[in-house]
Amino acid sequence: MSLPENPEDVILSDDEFEALEALLVSDSVPADCMNLEMLDGYLAAIVAAPRPIPVERWMPAVWSADDEDVSFGSAGEMQEAIRQVLRYHNELVLTLTAPEGWEPFCYAPSEADEEAPELGDEWAAGFEQGLACWGEDWDAGLSEERAEAISARLEAALEPWANEDGTPVSADQETRMGWLEEAAQAVREVAAGWDELGQPGPVLVEISSGQAGSGGPGRNEPCPCGSGKKYKKCCGALN
């Protein structure tokens, strides 16, 4: 992984982090957009993959879990949302395996809302969704023994979060924090081990400045996420 000349420029400031958090629950993005907790789990899995996962493969799921109601407030807001998500991706590339560089983000449970997710549930859901993006051939080039060990490590990190039938597990906050810490440790270990195994591991993605003008990208123009694909074949695929 090649580092930028000034790695600190990649890291979001506190104000930028809060702005991203607010953006993901605003009217500027699709109603089904991931919140920051789910995005953090999702990108942790994306960045921890043995080989870079193309942006156009993982980005659309950030905005919606299905093909319905995927619309942004405006073309400019879409471009800004894409840019900020890519910035957060790049931050995780730099911090995921750095000593004391990354900790999972999750919301404190709401006592006022009994239907609100329990602590860490959305992070775990995002992480599981991100692992699905690895593809069936993620273990290409690895020995069977090594691949099974990595699979077991990741499965163990997710196991506490749901019963065998998929229903949520009831547990207190201290127990859930322990699950989250164990999952984070598994992510760090897996991501840090790819170089030794001859896998490229995480890479920074180029962030496009987007298209000029209020109309935003046309369907046949390059996607502002920087993937190099046409907008209609990338982040515009769900529109």
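Now for a look at the structure at hand. No experiment lies behind these values; they were computed from the predicted model shown.

1. Remarks on the overall build of the protein
Check the secondary structure of the protein and you find 7 helices and 0 strands. Starting at the N terminus and ending at the C terminus, the protein contains elements arranged as α-α-α-α-α-α-α. Here the protein holds 239 residues, and 44% of them are scored as buried. Across the protein, the fraction of contacts at a sequence separation of at least 24, relative to all contacts at a separation of at least 6, is 72%. In the form shown here, the protein has an accessible surface area of approximately 12500 Å², with 45% of it arising from carbon and sulfur atoms.

2. What about helix α5 (residues 121-132)?
Across its 12 residues, α5 extends 17 Å between first and last C-alpha, which sits within 8% of the 16 Å expected from 1.5 Å per residue. Its buried side turned inward, α5 meets α2 (36-47), α6 (144-158) and α7 (173-193).

3. Some words on the environment of Leu-43
Position of Leu-43 relative to the elements: it lies in helix α2. For Leu-43, a relative accessible area of 0% puts it in the buried group. The sequence separation of Leu-43 and Tyr-88 amounts to 45 residues, and the corresponding C-alpha distance is 8.4 Å. Once residues lying within four places of it in the same chain are set aside, the contact partners of Leu-43 are Trp-58, Val-85, Tyr-88, His-89 and Leu-92.

4. Thoughts on the side chain of Arg-176
Inspection of the secondary structure puts Arg-176 in helix α7. Exposure remark for Arg-176: the relative accessible area of 1% places this residue in the buried category. With residues up to four places along the chain from it excluded, the contact list for Arg-176 reads Glu-118, Leu-119, Asp-121, Trp-161, Val-169 and Ala-171.

5. A look at the environment of Phe-72
Summarising the element assignment, Phe-72 is placed in the loop between α3 (55-63) and α4 (75-95). Classification of Phe-72 as buried rests on a relative accessible area of 15%. When neighbours within four sequence positions are excluded, Phe-72 is seen to be in contact with Ser-28, Val-29, Pro-30, Trp-63, Met-78 and Ala-81.

6. Topic: the nonpolar core
Formed by 63 residues in total, the largest nonpolar core has its most connected members in Leu-39, Trp-58, Met-59, Trp-63, Phe-127 and Trp-134. Of all the secondary-structure elements, those providing two or more residues to this core are α1 (14-23), α2, α3, α4, α5, α6 and α7. Those residues in contact with Leu-39, other than ones at most four positions away along the chain, are Leu-24, Met-34, Val-62, Val-85 and Tyr-88.

7. Description of α4
Taking 1.5 Å per residue, 21 residues should reach 30 Å; α4 reaches 30 Å between its end C-alpha atoms and fits that length. By the criterion of burial, α4 is predominantly enclosed, with 17 of the 21 residues buried.

8. Structural notes on a negative patch on the surface
The grouping of Glu-155, Glu-159, Glu-164 and Asp-165 at the surface amounts to a negative patch. For Asp-165, the location among the structural elements is in the loop between α6 and α7. On the basis of relative accessible area, Asp-165 is assigned to the exposed category, the value being 58%.

9. Some points on the pattern of salt bridges
As a working rule, side chains carrying opposite charge can pair if their charged atoms are close by. Tallying each qualifying case throughout the model produces 6 salt bridges. Put simply, Arg-87 and Glu-16 hold a salt bridge, and the shortest N to O gap is 3.1 Å. With Arg-87 in helix α4 and Glu-16 in helix α1, the pair connects residues that are 71 residues apart, well separated along the chain. Residue Arg-87 is classed as buried on the basis of its relative accessible area of 11%. Put simply, Arg-188 and Glu-103 hold a salt bridge, and the shortest N to O gap is 3.2 Å. Within this pair, whereas Arg-188 is found in helix α7, its partner Glu-103 is found in the loop between α4 and α5, the two being separated by 85 residues in sequence. With relative accessibility at 18%, the residue Arg-188 sits in the buried group. Here the salt bridges share partners, and the residues they tie into one network are Arg-153, Glu-182 and Glu-189.

About the criteria used
- Position labels on residues start from 1 in each chain and follow its written sequence.
- In keeping with the model being predicted, local features are shown solely for residues with a pLDDT of at least 70 and side-chain atom pairs are shown and tallied solely at 80 or more, while totals for entire chains, interfaces and linings include all residues.
- Heavy atoms from the whole structure form the basis of all side-chain values; hydrogens and water molecules are not counted.
- Numbering goes from the N terminus for both helices and strands, where a helix is a DSSP run of H or I of at least four residues and a strand is a run of E of at least two.
- Partly exposed residues are those whose accessible area sits between 20% and 50% of the maximum for their type, while under 20% is buried and over 50% is exposed, using a 1.4 Å probe and protein chains only.
- In this analysis, two residues are considered to be in contact whenever any of their non-hydrogen atoms come within 4.5 Å of each other.
- Working definition of accessibility: Shrake-Rupley area with a 1.4 Å probe, residue cover restricted to the visible protein chains.
- Given the number of residues in a helix, its expected span is that number minus one, multiplied by 1.5 Å.
- Residues belong to a common nonpolar core when they are buried Ala, Val, Leu, Ile, Met, Phe, Trp, Tyr or Cys residues joined through side-chain atoms within 4.5 Å.
- Surface patches are defined over residues having more than 30% relative accessible area and no salt bridge, joining like charges when they lie within 9 Å and nonpolar side chains (Val, Leu, Ile, Met, Phe, Trp, Tyr) when within 5 Å.
- When a carboxyl oxygen of Asp or Glu is within 4 Å of a side-chain nitrogen of Lys or Arg, the pair counts as a salt bridge.
- Charged residues are defined here as Lys and Arg on the positive side and Asp and Glu on the negative side; His and the ends of the chain fall outside this count.
- Just so you know, the charge point we use is NZ for Lys, CZ for Arg, CG for Asp and CD for Glu.

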